[in-house]
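Take a look at the letters that make up each chain.
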Amino acid sequence: MEYRRTAVIKLDTSEGADDSLRETVEQFKHCANTASEWCWHGDDGYHVTSKAKAERALYDRLRDETDLTANLVQKGIRRAVEAVKSGVERLKRGENTSQPHFSADSAVYDKRSATFHRDHVSLSTIDGRVECNYILPDDSETPPTKYVSGEDFEFRMAHLQYRDGNWYLHASMRKVKVDEESPESESKHRTVLGVDLGVNNLAVASTGRFWSADEFNHWHREYEKRRGSLQQCGSRHAHENIESVGRKEYGRFEIYLHTVANELIEEALETDCSHIVFEDLTHIRENIPEATWQHVWAFRRLYEYVEYKAEEHGVEAVQVDPRNTSKRCSTCGFTHDDNRHQESFECQKCGYENHADYNAAKNIGLQYLRRRQNAGDGGAPVDVRLNRGTLNVSGEYIPPASVEA
Ligand SMILES: [Zn+2]
């Protein structure tokens with residue numbers, strides 16, 4: 001179970017820091033308001049509520065227009081998409097609403113744009129990082145001191161706000177589980193859930209859980225059939241019918257994808273994973289030649305849902321280079337075209353045999369391990385969560401008993 005608190009922390013800022021923070025918040029608002037304008041007026045008259053779509057359209061432009069880091073630009077766009085989404089919900093319920101506008105002096109920080117310490121925070125700004133000390137009540141039992149100073153809670157993300165001449169950090173904090181090792185190793189140690197996407201199995205996790213694509217493929221075929229027969233009529237009425245069938249089908253696909261996303265997050269939480277790793281979706285059609293554009297749509301949508309929902313649980317969704325993940329042996333690393341025959345994987349070198357998608361899911365997790373190993377950030381340990389135990393980068397298998405010890 002999750003146990004959270006929001007700590008409102010007053011910040012002590014030097015004069016130089018004050019100017020940098022003000023300009024940062026100004027530019028953050030510019031990103032959010034630009035994105036709100038674009039999403040509200042939308043594409044072909046539809047409001048845009050997809051973060052990925054808004055980012056594709058606006059990210060480069062806003063990077064040019066501002067001095068913000070990539071992360072803050074992204075957060076500004078996302079903040080607007082969230083607001084537009086709620087606006088659209090209100091419209092659906094028949095309530096009166098208009099394009100969201102951001103006037104409060106506030107910006108969103110996560111662990112990539114801020115480093116949270118127990119007595120100060122380092123924030124990314126238009127002039128690089130600035131450090132601000134916390135102004136906390138002396139009594140250690142009084143919030144926010146209770147949450148900020150003790151080791152029981154860890155920082156997840158924060159809203160920086162300027163109000164009546166003062167800066168505040170609205171930090172969301174999560175209780176560190178008591179049965180874990182020390183909080184320090186908890187925050188550094190990463191355990192990842194690798195996920196392989198495909199046309200027979202929509203998703204396969206490195207823990208060995210499969211999400212079949214049967215239902216999805218069935219709907220898809222039915223839709224194509226109906227579309228085919230409607231198209232033969234050729235009238236405008238038929239065209240409208242195709243569109244309405246399409247909308248209905250997509251609605252069903254989306255509900256199914258939400259379910260898969262929720263179950264993937266459940267799997268990550270149950271097995272104590274800090275990260276869910278997918279293959280990079282940019283060139284997914286080249287990596288999965290059998291995928292139709294509906295599959296590609298489903299993969300992207302699934303990733304978006306997972307990314308969005310995972311964040312609420314303090315789990316991060318990431319993408320890695322998918323090169324060779326289907327041909328590489330997850331046990332010995334031998335990579336060869338002949339290792340894989342459709343759904344079965346058999347290593348030509350060490351003889352390891354398993355379901356091809358499961359082998360790929362493990363490789364996707366391992367790919368993230370290797371990337372982290374080369375990142376040179378002090379070698380924080382990473383493990384891939386398997387159905388039993390974990391696998392580390394040197395190929396050492398740790399059975400579940402010693403993980404729990
Ligand atoms: Zn092998």
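The name given to the protein in an unreviewed UniProt entry is Transposase, with Natrarchaeobius chitinivorans as the source organism.

**Student:** Describe the overall build of the protein, with residues and values.
**Tutor:** In terms of helices and strands, the protein carries eleven helices and 18 strands. Buried positions account for 45% of the 405 residues belonging to the protein. Once local pairs closer than 6 in sequence are excluded, the contacts in the protein between residues at least 24 apart make up 62%. A total accessible area of about 20800 Å² is found for the protein, and carbon and sulfur atoms account for 46% of it.

**Student:** Summarise the sheet that holds strand β2 (residues 106-109); cite the residues concerned and give the values.
**Tutor:** Note: strands within a sheet are paired through backbone hydrogen bonds, in either parallel or antiparallel orientation. If you walk across this open sheet you meet the seven strands as β2-β6-β7-β1-β5-β4-β3, and the pairing is antiparallel. Either end of the sheet is taken by a strand with one partner, and the two such strands are β2 and β3 (114-116). With direction set aside, neighbouring strand axes in the sheet form an average angle of 30°. In terms of strand pairing, strand β6 (residues 153-163) meets strand β7 (residues 166-175) through ten bridges, oriented antiparallel. Bridge assignment links Gln161 to a residue of β7, and that residue is Tyr168. Where helix α1 (residues 15-41) meets the sheet, its contacts fall on β2, β4 (120-125), β5 (128-135), β6 and β7, and the angle it forms with β2 comes to roughly 90°. Its contacts with the sheet put helix α3 (residues 70-92) on β2, β4 and β6, and the angle it makes with β2 is roughly 115°.

**Student:** Please set out the environment of Ser98 residue by residue, giving values where relevant.
**Tutor:** Following the sequence through the fold, Ser98 ends up in the loop between α3 and β2. Expressed as a C-alpha distance, the spacing of Ser98 and Trp40, which sit 58 residues apart in the sequence, is 8.6 Å.

**Student:** An account of the environment of Ala361 is requested, with residue identities and associated values reported.
**Tutor:** Looking at the element boundaries, Ala361 is found in helix α10 (residues 356-375). Ala361 sits in the buried class, given a relative accessible area of 0%. Note: C-alpha distance between Ala361 and Leu197 (164 residues apart in sequence) is 8.3 Å. Look past the residues within four positions of Ala361 in its chain and what remains in contact with it is Gly194, Val195, Asp196, Val204, Ala205 and Ser206.

**Student:** An account of the nonpolar core is requested, with residue identities and associated values reported.
**Tutor:** Judged by nonpolar contacts, the single largest core of 48 residues is most densely connected at Leu11, Val121, Leu123, Tyr134, Leu160 and Leu169. With nine residues, α1 is the largest single contributor of residues to this core. Dropping the residues within four chain positions of it, Leu123 is found in contact with Leu11, Leu21, Tyr109, Ser113, Ala114, Gly128, Arg129, Val130, Cys132, Leu160 and Leu169. If you look at the next biggest cluster of nonpolar residues, it comprises 38 residues, including Leu193, Ala213, Tyr250 and Val296.

What counts and what doesn't
- Residues numbered from 1 in each chain as written.
- Predicted model: local features only at pLDDT ≥ 70, side-chain atom pairs only at ≥ 80, totals over all residues.
- Heavy atoms only, no water.
- Helix = DSSP H or I, 4+ residues; strand = E, 2+ residues; numbered from the N terminus.
- Buried < 20%, exposed > 50% of the residue type's maximum accessible area, 1.4 Å probe, protein only.
- Contact = heavy atoms within 4.5 Å.
- Areas by Shrake-Rupley, 256 points an atom, 1.4 Å probe, with all protein chains shown as cover.
- Pairing = 2+ DSSP bridges.
- Axes fitted to C-alpha atoms, helices over the stretch in contact; angles between N-to-C directions.
- Core = buried A, V, L, I, M, F, W, Y, C linked by side-chain atoms within 4.5 Å.

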